[in-house]
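# Structural characterization, general
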Amino acid sequence: MTFRSLLRHEAILALILALALAVLAVDNERFFTAANLLNQGRLLTEVGLIAVVMTFVIVTGGIDLSVGSILGLCAILIGVFWKTLGLPLPVAIGLSMVVGTAAGFVNGLIITRFRVPPLIATLATLALYRGLAEGISQAQSIRGYPKWFFELGQGDVFGIPTQLWLLAIVAFAGFFILRYTAFGRATYAIGNNEAGAAFSGIDVAKTKLWIYSASGFVSALAAVVFVSRVSTTRSDMGSGIELDVITAVVLGGTSIFGGRGLVVGTLLGLCLVQVLKNGLALSGVRGDGTIVIIGAVLIAAVLISNFLSRYSGD
C-alpha cells in the first residue's frame with residue numbers, strides 16, 4: 001500500500017470510525033457488545049440499502065430526495081394490498097416493489113425526458129409520493145402480519161440479523177457494478193462530463209433511467225424490511241430518511257458534483273453515522289447534540305480529505 005493510497009478518503013474515514021469505536025467503547029461498557037452492535041446493524045439496514053444506489057445517483061451528479069416518500073408509499077401499499085384488497089402477502093410485497101420501481105422510473109423520466117434538474121424533480125415527487133401515501137392510508141396503521149414475515153426484519157441467520165445479509169448482497173452487487181462493469185464506467189463518465197459521455201457513445205438517458213429506477217426499487221425493498229422490523233405499516237415511514245442516506249454517501253467521499261465515489265466509502269460513512277448516534281445516545285447526549293456532533297464530523301472528514309488529496313496530488 002502506497003503513501004498516496006493511505007491518503008484516500010476511505011482510509012481516513014476508516015481511521016475516524018476506528019477512533020470513534022475505541023472512544024465510545026471506553027466511555028460506555030454497553031456500547032461494544034455483540035448484542036448492541038448487531039442491533040445497530042438492524043437499524044442501519046434500510047438507510048444502507050438506499051445509500052448503495054444513492055451512490056450511483058450522486059456519482060452521476062444527481063440527487064434523489066424522494067426515496068423516503070417512496071419507502072412510505074410502498075410500506076402503506078403492502079398493508080393495503082394485503083389486508084384491504086385481500087391479496088396474498090407475497091403478492092402484496094411484489095406489487096409494492098413494482099410501484100416503488102415505477103416511482104423511481106418516473107423520477108428518471110422527468111429528469112431525462114423533460115430536462116428537469118434532479119433536485120427540483122425529486123423535491124416535487126417527494127411531496128407527490130408522500131401525499132399519495134397519506135391519502136391511501138387515511139392516517140390508519142395496518143397490523144397483524146403473519147409471523148413468517150417478521151423473519152426478515154427481526155430474525156437472524158447464523159447469529160447475524162437477516163436484513164444484514166440482504167444489505168451485504170445489495171452492497172456487494174453495487175460495489176461490483178460500479179467498480180468493474182461498463183455500466184459503472186458509464187456512471188462515472190456521466191458524472192465527470194455528461195456531454196462528453198454522450199459524444200463518446202454512452203446512452204446517458206438510459207443509464208440515468210436505470211439508476212433512478214434502481215433507487216425506487218431499493219426504497220421499496222427498504223420498505224419491506226422496515227415493515228417487517230416494526231410489525232406495522234404507517235404512511236409516515238421513511239420521513240427524513242433521505243437526509244440520513246445523503247449524509248452517509250457524502251461522508252463516504254462521493255462528490256456532490258459527480259464523477260467520484262465508492263460504495264465502500266458509503267458503507268463506512270453509514271457505519272460512522274450509526275456508531276455516533278448509538279454511542280452518544282448511550283452516553284446521555286440528547287438528540288440535538290448528536291446532530292451537531294455528526295455535522296461537525298462530516299465537515300471535518302470532508303475538509304481533511306480535501307486537504308490531503310491536494311497534498312498527495314489526487
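Here the structure is a predicted model, which is why all the values come from computation and not from measurement. (Residues numbered from 1 in each chain as written. Predicted model: local features only at pLDDT ≥ 70, side-chain atom pairs only at ≥ 80, totals over all residues. Heavy atoms only, no water.)

## Quick word on the nonpolar core
Leu49, Met54, Leu71, Leu89, Tyr145, Phe149 and Val245 are the most contacted members of the largest nonpolar core, which totals 64 residues. Secondary-structure elements contributing two or more residues to this core are helix H3 (34–59), helix H4 (67–84), helix H5 (89–113), helix H6 (118–137), helix H8 (162–180), helix H11 (204–230), helix H12 (241–251) and helix H13 (263–282). The element that contributes the greatest number of residues to this core is H4, accounting for 12 residues. Those residues within four positions of Leu49 in sequence are excluded, and the remaining contacts are Leu166, Leu167, Val170, Val218, Leu221, Ala222 and Val225. The next biggest cluster of nonpolar side chains, apart from the first, holds 15 residues, and it includes Leu13, Leu24, Leu280 and Ala301. (Core = buried A, V, L, I, M, F, W, Y, C linked by side-chain atoms within 4.5 Å. Buried < 20%, exposed > 50% of the residue type's maximum accessible area, 1.4 Å probe, protein only. Helix = DSSP H or I, 4+ residues; strand = E, 2+ residues; numbered from the N terminus. Contact = heavy atoms within 4.5 Å.)

## Considering the packing of aromatic side chains
Evaluation of the coordinates by the stated rule reveals 8 aromatic pairs. Relative to Phe149, the ring of Tyr145 has its centre 5.3 Å away and its plane inclined at 40°; by these criteria the two rings are tilted. Ring geometry for Trp148 and Phe149: centres 6.1 Å apart, planes at 75°, overall edge-to-face. For Phe149, a relative accessible area of 3% corresponds to the buried category. Here the aromatic residues Trp82, Tyr145, Trp148, Phe149 and Phe150 are joined through ring pairs into a cluster of three or more. (Phe/Tyr/Trp six-rings, centres within 6.5 Å; stacked < 30°, edge-to-face > 60°.)

## Quick word on the side chain of Asp64
Among the structural elements, Asp64 can be located in the loop between H3 and H4. Among buried charged residues, Asp64 stands out as having no salt bridge; its nearest opposite-charge side chain is Arg130, 11 Å away. A polar side-chain atom of Asp64 sits 2.7 Å from a polar atom in the side chain of Ser66. Of the polar contacts made by the side chain of Asp64, one reaches the side chain of Ser215; its length is 2.8 Å. Those residues within four positions of Asp64 in sequence are excluded, and the remaining contacts are Met54, Val57, Asn107, Thr122, Tyr212 and Ser215. (Lys, Arg positive; Asp, Glu negative; His and termini not counted. Salt bridge = Lys/Arg side-chain N within 4 Å of Asp/Glu carboxyl O. Polar contact = N/O pair within 3.5 Å; in protein donor to acceptor, adjacent residues only side chain to side chain.)

## Describing unusual backbone geometry
The bulk of non-glycine residues show a negative phi, and the bulk of peptide bonds are trans. Even without glycine at this site, Phe158 takes up a positive phi of about 55°. Within the secondary structure layout, Phe158 lies in the loop between strand S1 (156–157) and strand S2 (160–161). If you check the backbone angles, Ser231 has positive phi at about 70° while not being a glycine. Within the fold, Ser231 resides in the loop between H11 and H12.

## A closer look at the UniProt feature "transmembrane region" (unreviewed entry) in the protein
Mapped onto this numbering, the UniProt entry annotates "transmembrane region" (unreviewed entry) at residues 49–82, 89–110, 157–178, 209–227, 248–270 and 290–308. End-to-end, the C-alpha atoms of residues 157–178 are 28 Å apart, and along that stretch the chain is 77% helix and 14% strand. (UniProt positions renumbered as here; feature names shortened; annotations may be inferred.)

## Observations regarding H12
Taken across its 11 residues, H12 has 8 buried, putting it largely inside the fold. Turning to H12, its buried residues are Ile241, Glu242, Val245, Ile246, Ala248, Val249, Val250 and Leu251. Count one or two residues on from H12 and you reach Gly253, which has phi positive near 105°.

## Observations regarding the confidence of the model for the protein
Chain-level statistics for the protein give a pLDDT mean of 91 and a share of 95% at 70 or above. Considering each helix and strand of the protein separately, the mean pLDDT is smallest for helix H1 (residues 3–6), with a value of 49, and largest for H5, with 98. (pLDDT = per-residue confidence, 0-100.)

## Some thoughts on the environment of Leu109
With respect to the helices and strands, the residue Leu109 is situated in helix H5. Those residues within four positions of Leu109 in sequence are excluded, and the remaining contacts are Phe114 and Leu209.

## Section: the packing of H4 against H6
Two elements in contact, H4 and H6, have axes separated by 8 Å at closest approach and are oriented at 25°. What the angle tells us is that H4 and H6 run roughly parallel. The hand of the H4/H6 crossing is left-handed. Contacts between H4 and H6 involve Gly68, Ser69, Ile70, Gly72, Leu73, Ile76, Leu77 and Val80 from the first element and Leu126, Tyr129, Arg130, Leu132, Ala133, Ile136 and Ser137 from the second. In terms of residue class, the contact of H4 with H6 is made up of 10 nonpolar, 4 polar and 1 charged. (Axes fitted to C-alpha atoms, helices over the stretch in contact; angles between N-to-C directions. Parallel < 35°, antiparallel > 145°, perpendicular 65-115°, else oblique. Left-handed = near helix turned anticlockwise from the far one by under 90°. Nonpolar A, V, L, I, M, F, W, Y, C, P; charged D, E, K, R; others polar.)

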